[in-house]
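Below, each chain spelled out in residue letters.
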Amino acid sequence: MPRYFLNIYNDGDAPDEEGIEAKTLGAAKSEAIRGARSLIADHVIEGRPITLSHRIEIANGQGQVLATIPFGDAVTIRP
């Protein structure tokens, strides 16, 4: 099963040293979206601002970025 690395770029950048195993890139994207939503929720709970341009980059074992999930794509905001 392929290993994907979910590198977080937000208030403090966090490269993923372990990675996750996922059957497909789509499954890795779903996990990245869940992670982004969790980070956003933490910000809301702590009363900190949310920066929708923060992102999670999904990379393969060679470091090639395969997809980018901006936090703004992980949530729907209505006025």
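Please refer to the structure higher up on the page.
Calculation rules
Residues numbered from 1 in each chain as written. Predicted model: local features only at pLDDT ≥ 70, side-chain atom pairs only at ≥ 80, totals over all residues. Heavy atoms only, no water. Helix = DSSP H or I, 4+ residues; strand = E, 2+ residues; numbered from the N terminus. Buried < 20%, exposed > 50% of the residue type's maximum accessible area, 1.4 Å probe, protein only. 1 Å grid on protein atoms, 1.4 Å probe; cavity = no way out; pocket = protein on both sides within 12 Å on 5 of 7 lines; lining within 4 Å. Points joined across faces, edges and corners; volume = space filled by probe spheres on them. Nonpolar A, V, L, I, M, F, W, Y, C, P; charged D, E, K, R; others polar. Salt bridge = Lys/Arg side-chain N within 4 Å of Asp/Glu carboxyl O. Pairing = 2+ DSSP bridges. Contact = heavy atoms within 4.5 Å. Axes fitted to C-alpha atoms, helices over the stretch in contact; angles between N-to-C directions.

Caption draft 1: Geometry of the side chain of His43. When you line up the elements, His43 lands in helix H1 (residues 25–46). The class for His43 is buried, based on a relative accessible area of 8%.

Caption draft 2: Region of interest: empty space enclosed by the protein. For the structure on display, the rule yields 1 cavity of 30 Å³ or more. For the largest cavity, the calculated volume is near 30 Å³. In terms of lining residues, the largest cavity is bounded by Ile40, His43, Ile50, Thr51, His54 and Phe71. A per-class count over the lining of the largest cavity returns 3 nonpolar, 3 polar and no charged.

Caption draft 3: Focus on the pattern of salt bridges. In total, this model carries 5 salt bridges according to the counting rule given. Its salt-bridge partner being Glu31, residue Arg34 comes within 2.9 Å of it at the nearest N-O pair. One end of the pair is Arg34 and the other is Glu31, both in helix H1 and 3 residues apart, which spans about a single turn. Across the salt bridge formed by Glu46 and Arg48, the nearest N and O atoms sit 2.6 Å from each other. Judged by its relative accessible area of 48%, Glu46 is partly exposed. Judged by relative accessible area, Arg48 falls into the partly exposed class, the value being 39%.

Caption draft 4: The arrangement of the sheet that holds strand E2 (residues 20–21) in detail. With antiparallel pairing, 4 strands are arranged side by side in an open sheet as E2-E1-E3-E4. Two strands close off the open sheet at either side, each with one partner strand: E2 and strand E4 (65–70). Across 5 bridges, strand E1 (residues 3–9) lies against strand E3 (residues 55–59) in antiparallel orientation. Looking at E3, one finds that Leu6 is bridged to Ile58. Sitting on the sheet, H1 is in contact with E1, E2, E3 and E4, with an inclination near 155° to E3.

Keep in mind these values describe shape, not function.
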